There are 2 protein chains.
Amino acid sequence: MQENKKFTAAVVQMGMSKNTDENLKKAKSFIEEAAKKGAKVICLPELFRSPYFCQAEDITNFDLAESIPGKSTGEIGEVAKRHRVSVIVPLFEKKAPGLYFNSIVLIDNNGEIKGKYRKMHIPDDPGFYEKFYFTPGDLGYKSIPVESGNIGTLICWDQWYPEAARLTALAGAEIIFYPTAIGWHPAEKSKHGKKQYESWITVQRGHAIANGVYIAAANRIGTEKVSKDSAGIEFWGQSFICDPQGVIIAQASSDKEEIIMAEIDLDRIEYIRRNWPFLRDRRIDSYGNIVQRYGDE
Amino acid sequence: MQENKKFTAAVVQMGMSKNTDENLKKAKSFIEEAAKKGAKVICLPELFRSPYFCQAEDITNFDLAESIPGKSTGEIGEVAKRHRVSVIVPLFEKKAPGLYFNSIVLIDNNGEIKGKYRKMHIPDDPGFYEKFYFTPGDLGYKSIPVESGNIGTLICWDQWYPEAARLTALAGAEIIFYPTAIGWHPAEKSKHGKKQYESWITVQRGHAIANGVYIAAANRIGTEKVSKDSAGIEFWGQSFICDPQGVIIAQASSDKEEIIMAEIDLDRIEYIRRNWPFLRDRRIDSYGNIVQRYGDE
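Because the structure is predicted, anything quoted here is derived from the model rather than measured.

**Q** Quick rundown of the overall build of chain A? Include the residues and the values.
**A** When helices and strands are tallied, chain A shows six helices and 15 strands. Taken against the 2.2 N^0.38 rule, which gives 19 Å for 297 residues, the C-alpha radius of gyration of chain A at 18 Å falls within 12% of a compact globule. Dimensions along the principal axes, computed over C-alpha positions, put chain A at roughly 55 × 55 × 40 Å. Per-residue burial over chain A gives 61% buried out of 297 residues. Within chain A, counting contacts between residues at least 6 apart in sequence, those at least 24 apart form 69% of the total. Of the roughly 11,400 Å² that chain A leaves accessible, carbon and sulfur atoms contribute 48%. Seen as two clouds, the 39 positive and the 40 negative side-chain charges of chain A have centres 2 Å apart.

What follows is the structure, given as structure tokens:
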């Protein structure tokens, strides 16, 4: 028997300033706006409280980390409760002195913390020195039930790992949210920019198709520089939501702050999975080597 | 240190008649043509010796199965040796009375059998009654070294499984070939056809990106019916080759027999994986649950 279960998901695409209180205020304002438009589950971009500080390795940036619960979860919790919405809140988490994570807190529509995820796959590339800041996640892959549905939570670099999407879907997630901070090195944009962006969106659409789940990615916009001399990163925006067949159903611009919204129809997951029953035929007897690094030694 | 290692891969897209000898003759002719154009590794479509008989469950169709080695491997082996090419030969394999597989034989450029793969994921949908005919593969995921490079072999329904692509890449494959027989139910084509095709190509491009490998899919063309009354399947052609960033570098029509070819540059795999080092950051400590069916029980 089918229940007709639908809700509206929203993704907030925004730019961040150095004023962390201003970023929080802006995020709360976007949450309110999305709620008023009918959204029930709302996702903010990765590390939305600050510029993308991982462009440089600077220990003073650990001052940006906050405890959970803390100021962000408290203030967003109030907004979430007032508007009866669930919010995916990505935070630079301070667990203890010298121990920090790139995390998500899922705040439920009663304002309380419903679940937490810590980014499992940590990148380290020029301009994305995340291994300096974040301990790899220790909580595994999450499906967190809220009133609207089962929410999967992954973060940015996790996007490139089919294992992460699969394990999140197998945990029960019906939609996977990916708060993100991805952009172009300005020197690479003209030559490689289009391919890089297309790879990013394609691999995620692939996860949606392979797992029969909705996927929503929330990116930031704007060019951020750590110094006047640095080339910086041009965050490419283009946040999107796709359906369980990989069809894009909402997509943002590359350079504007905006909210994108889409109807999430949980019956469509059932429909798609009945027609292409991939989960039925997984060869779980044959996947054991996936926990190996490469080859057989 | 880099070696500049390149070769040309070819995918044969063809239609099949009820005359199995004619299909073999046509395939050999395409192999010769591809070889003369410079191809070194050539892939035929799934079950190329016959129409796609799995549209109906009919025990007389087991007569189409052949032993390995057998007529197909013998005749194609001669062509492969004469032209110094490696060929991915998809066959309906008879292992023993009552035991049949949907297989690939990789024939090397000396005409000998270099390796074998048996389709791991077996579909069963209206018009695609493969579970009636094929025992699920028992040889695991393969990377088979030939002079040109390391060849990964998967078949059709395997396309939808990220685990299959990942394990094939981790075994060392630099290019994964997917012989295929996929098409539209004529009644669904106008409403769902475009989405179905786009899902198919997107999930495979996603595998290329996530694993940093080339991917080549060889489909058949034409509408095949099991009886005058049956709607049949319209095989959608559109065989393609994409690079390790998911960029399509060769693509066939939806309705013509043709050979598509592309240069496979093994240095490009190194280049792409250096720039997006996904393999470096796999969380192999966290993937254990991938051998579970769903959830935790």
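Moving on from the model shown.
**Q** Hey, could you go over the pairing of strand 14 (residues 248-251) of chain A for me, with residue numbers and the actual values?
**A** Every other side chain in a regular strand lies on the same face of the sheet, so the side chains alternate between the two faces. All names here are of chain A. Bridge count for strand 13 (residues 240-242) against strand 14 is three bridges, and the pairing is antiparallel. Bridge pairing in strand 14 places Phe-240 opposite Gln-251. Counting the residues that bridge the hairpin from strand 13 to strand 14 gives five residues, and of these Gly-246 lies at a positive phi of roughly 85°.

**Q** Which residues make up the sheet that holds strand 9 (residues 183-184) of chain B, and what values do they have?
**A** All names here are of chain B. Overall, antiparallel pairing links the three strands, which are arranged 9-12-11 in an open sheet. Lying at the two open borders of the sheet, with one neighbouring strand each, are strand 9 and strand 11 (221-224). Relative to strand 12 (residues 233-236), strand 9 runs antiparallel, the two sharing two bridges. Along strand 12, the bridge assignment pairs Trp-184 with Glu-234.

**Q** Just give me the short version of helix 4 (residues 162-170) of chain B, but keep the residues and values in it.
**A** Residue and element names in this part refer to chain B. Judged by how many residues are buried, helix 4 sits mostly within the fold: nine of nine residues are covered. Taken residue by residue, helix 4 has Pro-162, Glu-163, Ala-164, Ala-165, Arg-166, Leu-167, Thr-168, Ala-169 and Leu-170 as its buried positions. Backbone geometry just after helix 4 places Gly-172 at a positive phi near 120°.

**Q** Could you give an account of the interface of chain B and chain A, naming the residues involved and the relevant values?
**A** The interface of chain B with chain A comprises 55 residues on the first partner and 55 residues on the second. Summed over both sides, the interface of chain B with chain A buries roughly 5,300 Å², with 58% coming from carbon and sulfur. At the surface where chain B touches chain A, the tally comes to six salt bridges. A salt bridge links Arg-166 of chain A to Glu-163 of chain B, with the nearest nitrogen and oxygen atoms 2.6 Å apart. On inspection of chain B and its partner chain A, the count reaches 30 residue pairs in polar contact (both at pLDDT 80 or more). Secondary structure elements with two or more residues in the side of chain B that touches chain A: helix 4, helix 5 (186-211) and helix 6 (266-275) of chain B. For the side of chain B that touches chain A, a count of residues per class yields 26 nonpolar, 15 polar and 14 charged.

**Q** Hey, could you go over the nonpolar core for me, with residue numbers and the actual values?
**A** As a rule of thumb, soluble globular proteins bury nonpolar side chains together. Residues Trp-160 of chain A together with Trp-160 of chain B are the most contacted members of the largest nonpolar core, which totals 118 residues. Apart from the residues within four sequence positions on either side, Trp-160 of chain A is in contact with Ile-182, Ser-199, Trp-200, Val-203 and His-207 of chain A together with Ile-209, Ala-210, Trp-276 and Phe-278 of chain B.

**Q** Tell me what's going on with the pattern of salt bridges, and back it up with residues and numbers.
**A** Opposite charge on two side chains permits them to pair, given that their charged atoms come into close proximity. Per the stated rule, a full pass over the model turns up 48 salt bridges over all chains. Among the ionic pairs, Glu-163 of chain A bridges to Arg-282 of chain B, the shortest N-O distance being 2.9 Å. You can see Glu-163 of chain A sitting in helix 4 (residues 162-170) and its partner Arg-282 of chain B sitting in the segment after helix 6, one on each of two chains. We classify Glu-163 of chain A as buried; its relative accessible area is 2%. The residue Arg-49 of chain B makes a salt bridge to Glu-66 of chain B at a minimum N-O spacing of 3.5 Å. Linking Arg-49 of chain B in the loop between strand 2 (41-43) and helix 2 (71-83) with Glu-66 of chain B in the loop between strand 2 and helix 2, this pair joins segments that are 17 residues apart in sequence. For Glu-66 of chain B, a relative accessible area of 13% translates into the label buried. The network of salt bridges with shared partners includes Asp-21, Arg-49, Glu-66 and Lys-71 of chain A.

**Q** Explain the relation of the copies chain B and chain A residue by residue, including any values.
**A** Between chain B and chain A, the superposition needs a rotation of 180° and an axial shift of 0.0 Å, giving an RMSD of 0.0 Å. One copy is carried onto the other by what is essentially a two-fold rotation axis. Residues of chain B ranked by C-alpha distance from the rotation axis are headed by Gly-206 of chain B, positioned 2.6 Å from it. Here 100% of the contact residues of chain B are again contact residues in chain A; the copies associate through an equivalent surface.

**Q** Explain the confidence of the model for chain A to me, using residue names and the numbers behind them.
**A** With 98% of its residues at a pLDDT of at least 70, chain A reaches an overall mean of 96. What the predictor reports for the complex is a pTM of 0.97 with an ipTM of 0.97.

**Q** Before we move on, can you summarise the packing of aromatic side chains with the specific residues and values?
**A** Residues and elements named next belong to chain B. For the structure on display, the rule yields 50 aromatic pairs over all chains. Aromatic side chains Trp-200 and Phe-240 sit 5.6 Å apart centroid to centroid with 90° between the ring planes, which places their arrangement in the edge-to-face category. Of the two residues, Trp-200 sits in helix 5 while Phe-240 sits in strand 13 (residues 240-242), which places them 40 residues apart along the sequence. Taken individually, Trp-200 and Phe-240 each receive the classification buried, so the pair is uniform in this respect. Here the basic side chain of Arg-118 rests over the ring of Phe-101, its NZ or CZ set 4.1 Å away from the ring centre. Positioned over the ring face of Phe-235 is Arg-220, at 5.5 Å from the centre of the ring.

Parameters at a glance
- Residues numbered from 1 in each chain as written.
- Chains lettered and ligands numbered in written order.
- Predicted model: local features only at pLDDT ≥ 70, side-chain atom pairs only at ≥ 80, totals over all residues.
- Heavy atoms only, no water.
- Helix = DSSP H or I, 4+ residues; strand = E, 2+ residues; numbered from the N terminus.
- Rg over C-alpha atoms; globule rule 2.2 N^0.38 Å.
- Buried < 20%, exposed > 50% of the residue type's maximum accessible area, 1.4 Å probe, protein only.
- Contact = heavy atoms within 4.5 Å.
- Areas by Shrake-Rupley, 256 points an atom, 1.4 Å probe, with all protein chains shown as cover.
- Lys, Arg positive; Asp, Glu negative; His and termini not counted.
- Charge placed at Lys NZ, Arg CZ, Asp CG, Glu CD.
- Pairing = 2+ DSSP bridges.
- Buried area = accessible area lost by both parts, 1.4 Å probe.
- Salt bridge = Lys/Arg side-chain N within 4 Å of Asp/Glu carboxyl O.
- Polar contact = N/O pair within 3.5 Å; in protein donor to acceptor, adjacent residues only side chain to side chain.
- Nonpolar A, V, L, I, M, F, W, Y, C, P; charged D, E, K, R; others polar.
- Core = buried A, V, L, I, M, F, W, Y, C linked by side-chain atoms within 4.5 Å.
- Least-squares fit on C-alpha atoms with pLDDT ≥ 70 in both.
- pLDDT = per-residue confidence, 0-100.
- Phe/Tyr/Trp six-rings, centres within 6.5 Å; stacked < 30°, edge-to-face > 60°.
- Lys NZ or Arg CZ within 6 Å of the ring centre and 35° of its normal.

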